[in-house]
Amino acid sequence: MVVQAKRYKKNVGVRAVQEIVSAQKYYKADECWVITNSLFINQVIKLAGSNHLRLIDRSELMDWMIQYNKSA
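Procedures and definitions
- Residues numbered from 1 in each chain as written.
- Predicted model: local features only at pLDDT ≥ 70, side-chain atom pairs only at ≥ 80, totals over all residues.
- Heavy atoms only, no water.
- Pairing = 2+ DSSP bridges.
- Helix = DSSP H or I, 4+ residues; strand = E, 2+ residues; numbered from the N terminus.
- Axes fitted to C-alpha atoms, helices over the stretch in contact; angles between N-to-C directions.
- Contact = heavy atoms within 4.5 Å.
- Salt bridge = Lys/Arg side-chain N within 4 Å of Asp/Glu carboxyl O.
- Buried < 20%, exposed > 50% of the residue type's maximum accessible area, 1.4 Å probe, protein only.

Undergrad: Any details on the sheet that holds strand β3 (residues 54–56)? Residues and values, ideally.
TA: If you trace the three strands from one edge of the open sheet to the other, you get β1-β2-β3, paired in parallel fashion. Two strands bound the open sheet, and with one partner strand each, they are β1 (2–6) and β3. Mean inter-strand twist for the sheet, computed between neighbouring axes without regard to direction, equals 15°. As paired strands, strand β2 (residues 32–36) and β3 are joined by three bridges and run parallel to one another. Its bridge partner lying in β3, W33 is registered against R54. Across the sheet, helix α3 (residues 58–71) is in contact with β2 and β3; its angle to β3 comes to roughly 75°.

Put into structure tokens, the structure is as follows:
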């Protein structure tokens, strides 16, 4: 698995997907995720779909944090 974390003030662009796709091929990873504290632009969502990437934006990240805190 290859995971890329992006801490951005603005929305995440296409370059993030290009980077993770390259890393996936290089490391021969079965799965890739891009996680951000922000949001993804529409082109990223489309590109990620065609490359089988999982995108985790701030909403899902916050849900994870809330669930973790409840179980702690």
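Undergrad: Pulling in residues and values, what's your account of the pattern of salt bridges?
TA: Pairing between side chains of opposite charge can happen when their charged atoms approach one another. Under the defined criterion, the tally for this structure stands at three salt bridges. Where E19 meets K6, a salt bridge forms, and the shortest distance between an N and an O atom there is 3.0 Å. One end of the pair, E19, is in helix α1 (residues 14–27); the other, K6, is in strand β1, and 13 residues separate them in sequence. Exposure remark for K6: the relative accessible area of 15% places this residue in the buried category. Between E19 and R15 there is a salt bridge, and its shortest N-O distance comes to 3.2 Å. In this pair, E19 and R15 both sit in helix α1, four residues apart, roughly one turn of the helix. According to the relative accessible area criterion, E19 is partly exposed, its value standing at 27%.

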